[in-house]
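For reference, the chains in residue letters:
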Amino acid sequence: MSVSSSGSAAYSGSLEGSNAQRGLWSSRLAFILAATGSAVGLGNIWKFPYVTGENGGGAFVLVYLLCIAIIGIPIMMAEVMIGRRGGHSPVNSIKAIAQRDGLNPAWKLVGAVGILAGFLILSFYSVIGGWAISYVGTTASGQLSGQTADAVGAIFSGLLSNPGTLLLWHTVFMALVMLVVAKGVRSGLERAVSILMPALFVLLLIVVGYAMTTGHFGQAAAFLFQPDFSKLTTSGVLVALGHAFFTLSLGMAVMMAYGSYLPKKISIAKTSITVSVIDTGVALLAGLAIFPIVFANGLEPGAGPGLIFQTLPLAFGQMPLGSLFGTLFFVLLIFAAWTSGISLLEPIVEWLEEQKGMNRTVSTLGAGAVCWALGIASILSLNLWADFAPLGFIPMLEGKTIFDLLDFFTANILLPLGGLLVALMAGWVMSKPAMEKELALSPGAFSLWFVTVRFITPIAVGVVFIYNLM
Ligand code: PHE
């Protein structure tokens, strides 16, 4: 599958206001695959289990699921709609809509928040992607076979304590991302995702199958699905909200950028729901794969960002053909992270090309290099700067390293803020008839969506913000 150029058989309908040279996704499936490629990534397999563990399990998961359903899906629809209606890179799509519908051009700030967030996220995302690359070697070499939890933990600490190794794999990851982005969305994205996403799903099922044999599957399921509200804190609610945005790639204009390539005839609602359901399914599967191993080995659910790197290798060390499955698993994790990484870099590159007239290769190299350099701060905060908490004087940010701060600030502040702006724009200022036409929903469904973005999302995000600042 490839993205066809406008005017080909797959393209129908008019793309008003769009640049006629732009390619379009070849089919609904192609868009779903690419959007899923962006959504499914380290957020599902690395971050979801560890933030769930840190925030006490079931009640946190419930809030997260509510955030996906009530806030995430409507915002995703709004972003894809803005992108498709604008037909350009996020900033210019908004500018085009503002011109056409008579909005204040300052709304293009939504795109700017997104570009900034993508930049900051990719800088540490690439470091974690690097961990995954390093674990391919660790599993393939067979050094995990029959290891104890302590030994597996020591391998992980060994990796974190070595800035040189971390830098090497971070560099490899960034290079992989830049390679695809430089080639353009048409040749790279779709093909990679259509094979790799289903393969990742199957591999996760295999690990869940193994996790069922540990004898602690029931305990893990209870941990994930039996809410204990006494364990839920206000900051936990903020993390759940932030994670809903992070995992669905919302609030940073990625879905706008991808939506700008979406043919008119395709239903935005159906595709957004499909992407969200797949994304959530992968996260829950990852939880079901990881927590039985945590409990069976007496590990700590709240172990933090290292959780999957301390649990999954243990499972692979014990299961038959573990080295093979383990290697495959980390290869697929790299691919999942790769397709997400591409989508983090894409909006800024698209913007540099369109706005600054740079060619694609130059803008990819420039943006990628700055992001790579910023990643070094995250690498150092895992070892040499591990005790350096630059904003530690703020109670909420106490003890947070640069890496923690980047994660916190992007996922919990910038993305919900970007999402809030999208909701306000769609709910309060964009032309309603134009949105009705773009979304093509039944009147009832449209009203439901409209009320959500107009009232429910802004209130929910606002309340969570205010509670956390107090
Ligand atoms: N959704 C991706 C993940 O879960 C991360 C991401 C966030 C990608 C925001 C793009 C934009 O791994």
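## A closer look at the overall build of the protein chain
- Within the protein chain, the regular secondary structure consists of 18 helices and two strands.
- The C-alpha radius of gyration computed for the protein chain amounts to 21 Å, which stays within 12% of the reference 23 Å derived for 470 residues, consistent with globular compactness.
- Dimensions of the protein chain, computed from C-alpha atoms along their principal axes, come out at roughly 65 × 45 × 45 Å.
- Buried residues in the protein chain amount to 59% of all 470 residues.
- Residue pairs at least 24 apart in sequence account for 80% of intrachain contacts in the protein chain once pairs closer than 6 positions are excluded.
- Roughly 16,700 Å² of accessible area belongs to the protein chain as shown, and the carbon and sulfur atoms make up 68% of that amount.

## Notes on the nonpolar core
- Ranked by internal contacts, the top residues of the largest apolar core, which has 161 residues, are Trp131, Phe329 and Trp449.
- When residues in this core are grouped by element, the largest group, 17 residues, is from helix H5 (residues 109-140).
- Discounting residues that sit within four places of it in the chain, tryptophan 449 has contacts with Pro74, Met77, Ala78, Met81, Ala426, Met435 and Leu439.

## Examining the packing of aromatic side chains
- Applying the stated criterion across every chain yields a total of 22 aromatic pairs.
- When the centroid spacing of 5.7 Å and the interplanar angle of 45° are considered together, the rings of phenylalanine 316 and phenylalanine 329 count as tilted. Of the two residues, phenylalanine 316 sits in helix H13 (residues 307-318) while phenylalanine 329 sits in helix H14 (residues 322-356), which places them 13 residues apart along the sequence. Taken as a pair, phenylalanine 316 and phenylalanine 329 share a single burial class, namely buried.
- On the basis of an interplanar angle of 90° and a centroid distance of 5.4 Å, the ring pair of phenylalanine 329 and phenylalanine 330 is categorised as edge-to-face.

## Side note on the site of the ligand
- In the vicinity of the ligand lie 15 residues, with Ala39, Gly43, Tyr125, Phe246 and Ser249 positioned nearest.
- In the model, an oxygen atom of the ligand is placed 3.1 Å from a nitrogen or oxygen of the leucine 42 main chain.
- In the environment of the ligand, a nitrogen atom lies 3.0 Å from a nitrogen or oxygen atom belonging to the side chain of serine 249.
- Going through the elements one at a time, helix H1 (28-39), helix H2 (42-54), helix H10 (234-247) and H14 are the ones with two or more residues in the shell around the ligand.
- The residue inventory of the shell around the ligand, partitioned by class, reads seven nonpolar, eight polar and no charged.

## Concerning the pattern of salt bridges
- This model, assessed by the stated rule, comprises seven salt bridges.
- Between arginine 84 and glutamate 438 there is a salt bridge, with its nearest N and O atoms 2.7 Å apart. Of the two residues, arginine 84 sits in helix H3 (residues 58-86) while glutamate 438 sits in helix H17 (residues 432-439), which places them 354 residues apart along the sequence. For the residue pair arginine 84 and glutamate 438, the accessibility class agrees, reading buried in each case.
- Taking the shortest distance from any N to any O, the salt bridge between lysine 231 and aspartate 228 comes out at 3.8 Å.
- Several salt bridges share partner residues, and in doing so they unite Arg84, Lys264 and Glu438 into one network.

## Regarding the side chain of threonine 36
- Examined against the element boundaries, threonine 36 turns out to sit in helix H1.
- Here threonine 36 is in contact with Met197, Val275 and Ile278, once residues within four sequence places are set aside.

## Quick notes on a nonpolar patch on the surface
- There is a patch of nonpolar side chains on the surface, built from Leu62, Leu66, Ile70, Phe229, Trp428, Val429, Val451, Phe455, Ile456, Ile459, Val463 and Tyr467 and spanning about 1,100 Å² of accessible area.
- Breaking the nonpolar patch down by element, the ones donating at least two residues are H3, helix H16 (402-429) and helix H18 (443-469).
- Per-element tally for the nonpolar patch: the top contributor is H18, with six residues.
- Topologically, phenylalanine 455 is positioned in helix H18.

## Thoughts on the side chain of threonine 271
- Here threonine 271 is to be found in helix H12 (residues 268-296).
- Polar side-chain contacts of threonine 271 include one of 2.5 Å to the backbone oxygen of serine 267.

## A closer look at unusual backbone geometry
- Phi angles above zero are rare outside glycine, and alanine 253 is one such case at about 70°.
- Relative to the helices and strands, alanine 253 is located in the loop between H10 and helix H11 (254-259).
- The backbone phi angle of alanine 440 is positive, close to 50°, even though this residue is not glycine.
- Topologically, alanine 440 is positioned in the loop between H17 and H18.

## Description of the environment of proline 305
- Inspection of the secondary structure puts proline 305 in the loop between H12 and H13.
- Using a relative accessible area of 22% as the deciding quantity, one classes proline 305 as partly exposed.
- Residues proline 305 and arginine 85, 220 residues apart in the sequence, show an inter-C-alpha distance of 38 Å.
- Other than its neighbours up to four places away in sequence, proline 305 contacts Trp46, Tyr50, Glu54, Trp131 and Phe403.

## Quick word on the packing of H17 against H18
- Between H17 and H18, the shortest axis-to-axis distance is 11 Å and the interhelical angle comes to 120°. Relative to H18, the element H17 is oriented oblique. As for the relative orientation of H17 and H18, their crossing is right-handed in sense. Residue-level contacts link Lys432, Met435, Glu436 and Leu439 of H17 to Phe446, Trp449 and Phe450 of H18.
- Looking at the contact of H17 with H18 residue by residue, the classes come out as five nonpolar, no polar and two charged.

## Some thoughts on the packing of H3 against H16
- Two elements in contact, H3 and H16, have axes separated by 10 Å at closest approach and are oriented at 70°. By the angle class used here, H3 and H16 are roughly perpendicular. Handedness of the crossing formed by H3 with H16: left-handed. Of H16, the residues touching H3 (which contributes Ile75, Ala78, Glu79, Met81 and Ile82) are Gly419, Val422, Ala423, Met425 and Ala426.

## Description of the confidence of the model for the protein chain
- For the protein chain, mean pLDDT is 88; residues scoring 70 or higher make up 93% of the total.
- In this model, residues 1-21 is a region of pLDDT below 50 whose contacts with residues beyond four sequence positions or in other chains number 53 contacts.

Calculation criteria
- Residues numbered from 1 in each chain as written.
- Predicted model: local features only at pLDDT ≥ 70, side-chain atom pairs only at ≥ 80, totals over all residues.
- Heavy atoms only, no water.
- Helix = DSSP H or I, 4+ residues; strand = E, 2+ residues; numbered from the N terminus.
- Rg over C-alpha atoms; globule rule 2.2 N^0.38 Å.
- Buried < 20%, exposed > 50% of the residue type's maximum accessible area, 1.4 Å probe, protein only.
- Contact = heavy atoms within 4.5 Å.
- Areas by Shrake-Rupley, 256 points an atom, 1.4 Å probe, with all protein chains shown as cover.
- Core = buried A, V, L, I, M, F, W, Y, C linked by side-chain atoms within 4.5 Å.
- Phe/Tyr/Trp six-rings, centres within 6.5 Å; stacked < 30°, edge-to-face > 60°.
- Near = heavy atom within 4 Å.
- Polar contact = N/O pair within 3.5 Å; in protein donor to acceptor, adjacent residues only side chain to side chain.
- Nonpolar A, V, L, I, M, F, W, Y, C, P; charged D, E, K, R; others polar.
- Salt bridge = Lys/Arg side-chain N within 4 Å of Asp/Glu carboxyl O.
- Patch = residues over 30% accessible without salt bridge, like charges linked within 9 Å, V, L, I, M, F, W, Y side chains within 5 Å.
- Axes fitted to C-alpha atoms, helices over the stretch in contact; angles between N-to-C directions.
- Parallel < 35°, antiparallel > 145°, perpendicular 65-115°, else oblique.
- Left-handed = near helix turned anticlockwise from the far one by under 90°.
- pLDDT = per-residue confidence, 0-100.

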